[in-house]
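Coordinate inspection notes
This is what each chain is made of:
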Amino acid sequence: CAKILARAVNCEHPENGNPCNRCPSCLGIESGRFLDVVELDAASNNGVDSVRALRDEAIYSPAQVKKRVYIVDEVHMLSTPAFNALLKILEEPPEHLMFILATTELQKVPATILSRCQRHSFRRIDTPDIAEYLEYIAKQENFKLSHEAAELIARLADGGVRDALSLLDQCSASATIDLEAVYSAMGLAGNRRTAQLMSSILDHNTDKTLRDFNSMWMDGKDPATLLTELSGLLRDTLMTHVAPKGARSLISGGYDDTTLSELSGRMTTEEIICAMETVQKYTASMRESTSPKTTAELCLVSLCDNTMGESIAELRARISRLELQISSGSFTPVREDKHQTPAPAEEEPERYEPE
């Protein structure tokens, strides 16, 4: 967008504010031949010397276009002295000069810089729109991309078209880009084992859960990574449970809809929240633990047996399960038989005390 704006302000025949992409200025900027449009990566050139050199050459009038444009990418990576050097020219910029500052972490940019800029925030792109665009790109590039794979890549991109195209490029080695190809290229095959582990937890099968975890650990699975994946799975399950209509745009994309729907149907909202709090608690304690594997095992045991804890969240989870059983008619209370004759109490033997 910064490059498009650089062409727009220098276009000789703009069309409703957009560059015509046909005039010499547009063609020269797009090809990179014109040195009046400069792109600077602040992540690699974040020192004060780089900004001072930029400031010294910025005072000169452009040679081939109307405005000299400096595009500073990842501007939040500049050091404090570099920001101070940049501020001097932002306070009184020449008419022929334009700075375009791009960043993904606006909160790291000093307020003195922000107060001298026009701010344009970009929203994330909806998942269906990204999927449709990926299918268009695949058709142009002669990729065999299935609709399900396009939706999965779009969800993994988290609203970013550039990230979606990068993910599609990683999957392009496969002759047919389907769900299996995406899972393999993205390293998401382990997510299925995580979902199977969660299914064993919901079965309250502690033995199988620990054996599955030990198998994953022997295969090189990091315990902290496993807990992070469990937390992400529970988060997606919660979104599917509380917002079934909008879940497709809310979930991360690491798990298929069938898996999330199945897990969501086996848990109440309170149980999901309680499990998330349990995983987060053990994840935080793992940083200080001398044995991450043991910490992960304790977490899994706690998840399998939700009657062990007595916190408010755990009590709410157990109550919600009882309420669900009562409403569905699957709860059978144990009633005491009022007509049953109680067993007679045994008489104590008579004691004789000496006179």
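Conventions used here
Residues numbered from 1 in each chain as written. Predicted model: local features only at pLDDT ≥ 70, side-chain atom pairs only at ≥ 80, totals over all residues. Heavy atoms only, no water. Helix = DSSP H or I, 4+ residues; strand = E, 2+ residues; numbered from the N terminus. Buried < 20%, exposed > 50% of the residue type's maximum accessible area, 1.4 Å probe, protein only. Contact = heavy atoms within 4.5 Å. Areas by Shrake-Rupley, 256 points an atom, 1.4 Å probe, with all protein chains shown as cover. Patch = residues over 30% accessible without salt bridge, like charges linked within 9 Å, V, L, I, M, F, W, Y side chains within 5 Å. Salt bridge = Lys/Arg side-chain N within 4 Å of Asp/Glu carboxyl O. Phe/Tyr/Trp six-rings, centres within 6.5 Å; stacked < 30°, edge-to-face > 60°. Arc of directions from axis to C-beta. Core = buried A, V, L, I, M, F, W, Y, C linked by side-chain atoms within 4.5 Å. Axes fitted to C-alpha atoms, helices over the stretch in contact; angles between N-to-C directions. Parallel < 35°, antiparallel > 145°, perpendicular 65-115°, else oblique. Left-handed = near helix turned anticlockwise from the far one by under 90°. Nonpolar A, V, L, I, M, F, W, Y, C, P; charged D, E, K, R; others polar. Pairing = 2+ DSSP bridges. Right-handed = clockwise from strand over helix to strand, strands pointing away.

**Comments concerning the overall build of the protein chain**
Broken down by element type, the protein chain carries 17 helices and five strands. Put simply, the protein chain has 355 residues, and 36% of those count as buried. Across the protein chain, every contact between residues at least 6 apart in sequence was considered, and the portion connecting residues at least 24 apart equals 66%. Counting every atom, the protein chain has about 22100 Å² of accessible surface; 50% of that belongs to carbon and sulfur.

**Here we look at a nonpolar patch on the surface**
On the surface, Tyr133, Tyr136 and Leu165 cluster together into a nonpolar patch covering about 280 Å² of accessible area. Here tyrosine 136 shows up in helix H6 (residues 127-140). Exposure remark for tyrosine 136: the relative accessible area of 46% places this residue in the partly exposed category.

**Description of the packing of aromatic side chains**
Throughout the structure, instances matching the rule amount to two aromatic pairs. Considering the side-chain rings of tyrosine 70 and phenylalanine 99, the 5.5 Å spacing of their centres and the 25 degrees angle between planes classify their relative orientation as stacked. With tyrosine 70 in strand E2 (residues 68-73) and phenylalanine 99 in strand E3 (residues 97-101), this residue pair connects regions lying 29 residues apart in the sequence. Tyrosine 70 sits in the buried class, given a relative accessible area of 1%.

**A look at helix H3 (residues 48-58)**
Every buried residue belonging to H3 is among Val48, Val51, Leu54 and Ala58, and all of these are buried. Across the axial projection of H3, the buried residues extend over an arc of 125 degrees, all falling on one side. Looking at the buried residues of H3, the elements they touch are strand E1 (37-41), E2, helix H4 (80-91) and E3.

**Some thoughts on the nonpolar core**
Judged by nonpolar contacts, the single largest core of 30 residues is most densely connected at Met198, Leu227, Leu233, Leu234, Met267, Leu300 and Leu303. Among the secondary structure elements, those contributing two or more residues to this core are helix H10 (189-202), helix H11 (206-218), helix H12 (223-242), helix H14 (257-265), helix H15 (269-286) and helix H16 (292-304). Take this core: its biggest share by element is seven residues, from H12. Grouped together as the second largest cluster of nonpolar side chains are 21 residues, Tyr70, Leu86, Leu87 and Phe99 included.

**A closer look at the environment of isoleucine 319**
Here isoleucine 319 is to be found in helix H17 (residues 312-328). The spacing of isoleucine 319 and glutamate 270 is 49 residues in sequence and 8.8 Å in space, taken between C-alpha atoms.

**Notes on the pattern of salt bridges**
Considering all chains together, one arrives at 13 salt bridges under this definition. Note that lysine 108 is salt-bridged to glutamate 105, the shortest N-O span being 2.8 Å. Judged by its relative accessible area of 26%, glutamate 105 is partly exposed. Notably, a salt bridge pairs aspartate 126 with arginine 123, separated by 3.4 Å at the nearest N-O pair. Given a relative accessible area of 60%, arginine 123 falls into the exposed group.

**So, the packing of H15 against H16**
Remark: H15 packs on H16, axes separated minimally by 10 Å, with the N-to-C direction vectors making an angle of 165 degrees. The angle between H15 and H16 places the two elements in the roughly antiparallel class. For the crossing formed where H15 meets H16, the hand is right-handed. Counting all contacts with H15, which are made through Ala275, Thr278, Val279, Tyr282, Ser285 and Met286, the residues of H16 involved are Pro292, Thr295, Ala296, Leu298, Cys299, Ser302 and Leu303. When grouped by side-chain class, the residues that make up the contact of H15 with H16 number nine nonpolar, four polar and no charged.

**Some thoughts on the side chain of serine 231**
Among the structural elements, serine 231 can be located in helix H12. Serine 231 sits in the buried class, given a relative accessible area of 19%.

**A closer look at the environment of serine 172**
With respect to the secondary-structure elements, serine 172 resides in the loop between helix H8 (161-171) and strand E5 (176-177). Placed 34 residues apart in sequence, serine 172 and alanine 138 show a C-alpha to C-alpha distance of 9.2 Å. Sequence-distant contacts of serine 172, defined by excluding residues within four places in its chain, comprise Phe143 and Ile177.

**A closer look at the pairing of E3**
Sheet analysis places E2 next to E3, joined by five bridges and oriented parallel. Bridge assignment links valine 72 to a residue of E3, and that residue is leucine 101. Remark: the E2/H4/E3 crossover connection has right-handed handedness.

**Remarks on the environment of tyrosine 282**
Mapped onto the secondary structure, tyrosine 282 falls in helix H15. A C-alpha to C-alpha distance of 6.7 Å links tyrosine 282 and threonine 295, two positions 13 residues apart in sequence. Apart from residues no more than four positions distant in its own chain, tyrosine 282 is found in contact with Leu227, Thr295, Leu298, Cys299 and Ser302.

**Focus: the sheet that holds E2**
On the basis of which strands lie adjacent, the open sheet formed by three strands has the order E1-E2-E3 and parallel pairing. The outermost strands of the open sheet, each flanked by one partner alone, are E1 and E3. Across this sheet, the average inter-strand angle for adjacent strands is 15 degrees, counted without regard to direction. As paired strands, E1 and E2 are joined by five bridges and run parallel to one another. Counterpart to glutamate 39 in the pairing with E2 is isoleucine 71.

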